[in-house]
Each structure stands twice: as C-alpha cells, then as structure tokens.
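Understanding the architecture of this molecule
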Amino acid sequence: MKKGFTVREKVLLAILGVLVIGALYYYVFYIPTIEDTEKYKKDNVAIEDQILAVQIQTGKFNQMEKELEAIKNGETTVSPLPMYDNSRMIMNELNDILGLTMEYEVEFGKIEEDQDSNIVRRNVRIFFKTDSYNVVKSILTQVNYGEYRCVIKDLDISQNSGLYHADVDITYFEYKE
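All values derive from a computational prediction rather than experimental measurement. What you see as residue numbers is a count from 1 along each chain, following the sequence as written. The predicted origin of the model limits local features to residues at a pLDDT of at least 70 and limits the giving and counting of side-chain atom pairs to 80 or more, whereas totals for whole chains, interfaces and linings rest on all residues. Working from all heavy atoms in the structure, the side-chain values ignore hydrogens and water.

**Examining the nonpolar core**
Here, nonpolar core means buried Ala, Val, Leu, Ile, Met, Phe, Trp, Tyr and Cys residues that are tied together by side-chain atoms lying within 4.5 Å of each other. Classification of residues uses two cut-offs on accessible area relative to the type maximum, computed with a 1.4 Å probe and protein chains only: under 20% is buried, over 50% is exposed, and between them is partly exposed. Counting 19 residues, the largest nonpolar core has L94, I126, F128, V143 and Y172 as its most contacted members. Here a helix means four or more residues in a row that DSSP labels H or I, a strand means two or more in a row labelled E, and each is numbered from the N terminus. Listing elements by their share of this core, those giving two or more residues are α2 (87-97), β2 (119-130), α3 (133-144) and β4 (163-175). When checking whether two residues touch, look at their non-hydrogen atoms; a contact exists if any pair is within 4.5 Å. Look past the residues within four positions of Y172 in its chain and what remains in contact with it is I90, E93, L94, V120, R121, R122, V124, V143, Y148, R149 and C150.

Structure follows, in structure tokens:
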C-alpha cells in the first residue's frame, strides 16, 4: 500500500525543504559571518587605537631626543632645580599668575622626598574661578611653563552659571642637598 504524494503535497514539501535549507544557511553561515565581521571590526578599531598610541609615543620620543640634542649642542639651556623650601617663591609665582581670576585658593600638600636623588616633590593644589575658558587655558600654560619646574598631575574644569571652575593638582620639583 504505497500512496504517492499529490502535487500539492510535493509543492508544500519543496517549500518546506527550501525553508529548512534557508534556515540552515542563515544559522550556520550567515549569522556567524556577521558576528565574525563585527568582532573583526572591533579588533581593528582596538589595533588602530594601539597604533595611534604608539605613533604619539614615538613622536614624543623623537621630540625629546631633539630637545636633548639641543641641550647638548648648547642651543637651549635648562634651568637648574630650585633649592629645597622654595614654597615662598612658588607662592609668589602662583599669586602673579592667578591674579587674572575672580577668586582662587592655593593649598600646599605633602612633601615627598627621594633620598636616592635628593629630589623633593612639593604637591600644590589650586582652585580658581574665572569667566573665560581662555583665561583658564592661559593660567595652565603659565603654570606649566613657569620659572619653577612642575608637572600638572590632575585637572578638573567645570562650568556652572557662566563661570569656569578649575581644580588643578601640581607637583613642583626642588633639590635638597
């Protein structure tokens, strides 16, 4: 008792077969390919970020080499580190620089001594308010390139009611005999 399929049943089976093959293709090939493509795009972005970081680092390294060559050739001079307990001079310099602000506050923090190199790091925190971002930028530039060697460690600038508030952590370097 064999019964043959009708035309309608054959068409339905063919449609079902095409759907199964399509679903199989979709889940086995298409979705993994899309996921792999997205993964490779993310990996590519990460690699590009790493390449950019290395290029920036290389540029800074080359700039440092040029500066060292200029110092060796006598084209540029390097100011010596000020002697230990230079806080009054730092305070005078900051007072002159921060005169452009509406109000400011200076806090001298903990002093860190490096016994091996006789270098003292004096931590200073300044808070100030001004009505112009350009004044904030000017103050930070003057501090960074001021008479006394320093590093700006942390910087927070916010704007509230048209005023710019800056909170800056700075480390000044001094030499202790």
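The rest of the description comes next.
**Some thoughts on helix α1 (residues 7-72)**
Expected span of a helix, by definition, is 1.5 Å for each gap between consecutive residues, and there is one gap fewer than residues. Its 66 residues give α1 an end-to-end C-alpha distance of 94 Å, which sits within 8% of 98 Å, the value for a rise of 1.5 Å per residue. Where α1 bends most, at Y26, the angle is about 35°. G74 sits one or two residues past α1 and shows a positive phi near 80°. Two axes define the bend at a residue: one fitted to the seven residues ending there, one fitted to the seven starting there, and the bend is the angle between them.

**Structural notes on the sheet that holds β2**
The strands that make up a sheet pair up through hydrogen bonds in the backbone, lying either parallel or antiparallel. Two strands pair if DSSP finds at least two bridges between them. What the four strands build is an open sheet, ordered β1-β2-β4-β3; its pairing is antiparallel. The open sheet has two edge strands with one neighbour each: β1 (103-114) and β3 (150-160). For this sheet, the mean angle separating the axes of adjacent strands, direction not counted, is 15°. One ladder, built from ten bridges, connects β3 with β4; its direction is antiparallel. Bridge pairing in β4 links V151 to T171. Its contacts with the sheet place α3 against β2, β3 and β4, and it is angled at close to 170° to β3. Axis lines are fitted to C-alpha atoms, over the contacting stretch for helices. Their N-to-C directions set the angle, which ranges from 0 to 180 degrees.

Distances and angles like these do not, on their own, reveal function.
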